[in-house]
Amino acid sequence: MINVARFPTVQAAFDAAPDGARLYFPPEMSPVTVPPSSFQHKANNQTVDAMGVEFLVSTWGTPVFLAVRSSLGVGANGHTWRIGLVRFVGTRGNHTGAPIRGSAPYCSGCAVWSNGDRNYVEYLRTDGMPTPIFFSSWDGSSMNDRTGVGNRIGYLEATRYNFALLFVSQEGYDWGDAYCHDDLDDSGGVNPTHAIYGSASSTFRSRGGRIGKWTVENNLSGAPFQLKFTDGVVAGTLSGNGSAGVVSIQNCHDFTAEGILGQNVKTAVTGSRLVELVGTETCKRPNIGRVSVDKATGVNTESVLLILDESGYIGSITVTSRNTSNAGAEVSLRGVGAFSIPAILVNARGTANRPVRLGNGAEDGRAAGWNLPNVRSVGGGSTYDPIPVEEFAQCYNNAWGDGNAYLIGSIPNKGLFRRGMRWSASAPSSGAPRGWTQTVNGALSSATWAASTAVVAGAWWKLANGRVIRYRSSGTTGTAEPNPTAIGELGNDGTASWEYMADSSGAVVSEGNL
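What counts, and where the lines are drawn
- Residues numbered from 1 in each chain as written.
- Predicted model: local features only at pLDDT ≥ 70, side-chain atom pairs only at ≥ 80, totals over all residues.
- Heavy atoms only, no water.
- Helix = DSSP H or I, 4+ residues; strand = E, 2+ residues; numbered from the N terminus.
- Buried < 20%, exposed > 50% of the residue type's maximum accessible area, 1.4 Å probe, protein only.
- Contact = heavy atoms within 4.5 Å.
- Areas by Shrake-Rupley, 256 points an atom, 1.4 Å probe, with all protein chains shown as cover.
- Pairing = 2+ DSSP bridges.

Chemist: Before we go on, may I ask you to explain the overall build of the protein chain in this structure?
Modeler: Of regular secondary structure, the protein chain possesses 2 helices and 48 strands. Relative to its full complement of 514 residues, the protein chain shows a buried share of 55%. A separation threshold of at least 6 residues defines the contact pool for the protein chain, and within that pool the share at least 24 residues apart is 66%. Approximately 19,200 Å² of the protein chain is accessible, and the part contributed by carbon and sulfur atoms is 49%.

What follows is the structure in structure tokens.
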């Protein structure tokens, strides 16, 4: 064991420490002031034992412990750190300036910075450090020079961070458990903050890693979890409470998680959903136990967007929304393949909810191969009045028609369904229809378009050639019939606005009276 207190400087102890040494910081050393040059490992497989010590950093972009590969790879590998507390006490900077080891300056404001292999941050607590842990792939030229192997975290607690954990191009990693809260955006809104930010590229991907149970609170400047080009993740429960979204998974394959949970979720950053699996490559083969999003009052951001390919499974999706204005869907499902989501429940407690939609980007209307046997929506404020299925099965060219019978009070007159869709009367009585069956694929409507006629928001009207639009606001129609050409197109008609829902009209027939 090397007692760091017996050396004239901390760096002198590191310079003297051989491979496999234990560097002990006795509690009476606390607090330790970190110099701008950091404390740099000069050998491998060392243990830093500083559980009773507080480290104070006053220079922006300065790591406390630096494990950097040299031309021989000396000093970067096999270390273990146990660190009581690292606190930033200087003048804060931002994300601009000359890159440091391939990344923006604030990415080097770390308790631990390493571009080596088999390193282990066993315990760490930080306050105000912009990037508490950074496992980098820089090796002298750019951000993506190499792939790190076998790096691990035991437990991390971070507050006032930009990226609590930043990693680039890693394999065989284990990010353990963490509690991160109350982010601090030093970029002035340019870069969202994240508790976990896995940043890579299509050519330098991260692969084969584990994430434990991470709980994040009040991450207000970005989604708590963002992974890019990160394949083969096996995660526990990822929780984002009171934060700007929950999870953004981009261009990742074989993502597995026990659960994705969001409570009191705030509005996501521009262009994002609260939970999203997206990307130009699409996300392939996800397997998630459950997704649950409870939105804060007044948050109208769309909740869940899944753009998937090949196959996948999500045990359930539960959304509690209190929307006051939202033209989009609570849950959007897009892609082609064999996917199964046994249950989707939308607790639509606001006044403007459109829970489920199927579609696929430019081909808005294709979600082939999806198995959605149990889709329910309840809402209407505190009474939890049921919303009829046609209100939320607005799913373009691939809708239910699954053989199940859905309850409805009268003949359906809105929504887009396949032939074979069935409705049963919710309040059956003698002499009244027992239910209805759709006999022709297409959209249902309550009226044929007419000029200078009052129309209410939510009504589906039929145009010439069987096309169908849905009115997004109430008003009076104009003198010329709308002429939409692309599914999803928006337009105005007199004082009302509309959305183009379908190219063809469906038809339903009564199943006979009781």
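From this point, the narrative continues.
Chemist: Which parts of the structure should I look at to understand the sheet that holds strand β46 (residues 490–493)?
Modeler: Through backbone hydrogen bonds, the strands of a sheet pair up, either in parallel or in antiparallel fashion. Taken in spatial order, the 5 strands make up an open sheet running β41-β43-β44-β47-β46, and their pairing is mixed. In the strand order of this sheet, the two ends are held by β41 (447–448) and β46, each with one partner. Bridge count for strand β44 (residues 468–471) against strand β47 (residues 496–502) is 4 bridges, and the pairing is antiparallel. Each bridged residue has a counterpart across the sheet, and for V468 the counterpart in β47 is A502.

Chemist: What's the story with the pairing of strand β13 (residues 163–167) in this structure? I'm lost.
Modeler: The side chains of a regular strand alternate between the sheet's two faces. For β13, a buried count of 5 out of 5 residues is recorded, marking the element as mostly surrounded by other parts of the structure. Inspection of the sheet shows strand β10 (residues 133–135) paired to β13 by 3 bridges, in the parallel sense. For F135, the partnering residue across the bridge sits in β13 and is F167. Sheet topology note: the β13/strand β16 (residues 194–198) ladder contains 4 bridges and is parallel.

Chemist: How should I be thinking about the pairing of strand β22 (residues 234–241) in this particular structure?
Modeler: Judged by how many residues are buried, β22 sits mostly within the fold: 7 of 8 residues are covered. Both strand β18 (residues 210–211) and β22 contribute to a ladder of 2 bridges, which runs parallel. Bridging from a neighbouring strand, I211 pairs with A235 of β22. In the sheet, β22 pairs with strand β24 (residues 256–265) via 7 bridges, with the strands oriented parallel. Its bridge partner lying in β24, L238 is registered against I260.

Chemist: Help me understand the environment of W423 in this model?
Modeler: If you trace the backbone, W423 turns up in strand β38 (residues 422–425). In this structure the C-alpha to C-alpha distance between W423 and T437, which are 14 residues apart in sequence, comes to 6.5 Å.

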